[in-house]
Structures are given as structure tokens and as C-alpha cells.
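Structural overview
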Amino acid sequence: MKKIIISVLIILLSLISFTDSFADSATNLYPSMAKKPDNSMYKLYKQAILTRHQIQVDYKDWVKMNKDIENFFISLYFKTDRTVRLRKLEKKTSDLIKNYDNKILNMKQKKVLNLIKNLYYRSVIELNK
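Described below are features of the structure shown in this document. (Residues numbered from 1 in each chain as written. Predicted model: local features only at pLDDT ≥ 70, side-chain atom pairs only at ≥ 80, totals over all residues. Heavy atoms only, no water.)

**What to know about the overall build of the protein**
Applied cut-off: Here a helix means four or more residues in a row that DSSP labels H or I, a strand means two or more in a row labelled E, and each is numbered from the N terminus. The buried label applies to any residue whose accessible area, calculated with a 1.4 Å probe on protein chains only, is under 20% of its type's maximum; exposed applies above 50%, and partly exposed to all values in between. Contacts were defined at the residue level, with two residues in contact if any of their heavy atoms lie within 4.5 Å. Throughout, the Shrake-Rupley method with a 1.4 Å probe supplies accessible areas, and for residues the shown protein chains are the sole cover considered.
Scanning the protein from terminus to terminus reveals five helices and zero strands. Starting at the N terminus and ending at the C terminus, the protein contains elements arranged as α-α-α-α-α. The proportion of buried residues among the 129 residues of the protein is 24%. When contacts within the protein are restricted to residue pairs at least 6 apart in sequence, those whose partners lie at least 24 apart make up 68%. Surface accessibility of the protein: about 10,400 Å² in total, with carbon and sulfur atoms responsible for 63%.

Below, the structure written as C-alpha cells:
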């Protein structure tokens, strides 16, 4: 009886050690198979999230505004000239940001600049996908 219990314990311990080593090897596959994370993309995602939150703070109809922006980018997936449109949007919004970013603006202009920045960040993210 003791031999059976000991043999069952040995089998269980070997299975546990095998599954642990398999789990470790599965998690170690990520760096060798995937590209290194791009910090600039993390920053773009962060800025897009922050500008989206600022839209929520600035406008009463923020749900509609954010939904319209999302629907615009979703509709681009079905267009054949998607990258051309995204590049035009990126170019126009980056020019506007450069013109107004370091100037003294009133509250209404700051809100509009925040919307422009949100569109810019989202277009750059979509282009880099």
C-alpha cells in the first residue's frame, strides 16, 4: 500500500513539475517571437486616451462626439483609399497643432485643439497598425 501511495505521489510531482516547466517555456516564447514593444506607440495610445477623457470633461455631449469619432475611424476600414485619407487627416491635423499648440488660447479654442489632437493621435495609431 505504501509503495502505491509513493508511486502516485511521484507521478503527481512529476506532472506538476512538467506543467510548471511548460508554462515557463510558453511565457518565454513571447520575446523571441514578437517584435520589441514600441514606446512611441505607448505614448500615442496614452495621449489618445487622455484627449478622449478631456473631451468627456469639456463637452456635455461627449458621448456623441466620441462615438462620431469612433464611427469615422470604423468607416475607414471599408474604404479602399484608407491610408490616403488617414495621411491627409494626419497632415491637416499636425499642421493645425503646430500652428496653435504653443499659443495662448481661450477655453473654446483649447477644447477644439484637444479634439484636433485626438483625431491626430488616432490617425497616427491607425497608420502604424
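Picking up where we left off.
**Here's the deal with the packing of aromatic side chains**
Centre distance and the angle of the planes are the two values used to describe a pair of aromatic rings. Formally: In this analysis, rings of Phe, Tyr and Trp, with Trp reduced to its six-membered ring, are considered paired at centre separations within 6.5 Å, and the interplanar angle assigns stacked below 30 degrees, edge-to-face beyond 60, and tilted for intermediate values. Here, a charge over a ring is recorded when the distance from Lys NZ or Arg CZ to the ring centre is within 6 Å and its angle to the ring normal is within 35 degrees.
Counted according to the given criterion, the structure contains two aromatic pairs. With 5.2 Å between their ring centres and 75° between their planes, Phe72 and Phe73 make a pair best called edge-to-face. Between Lys111 and the ring centre of Tyr59, over which it is positioned, the NZ or CZ distance is 5.8 Å.

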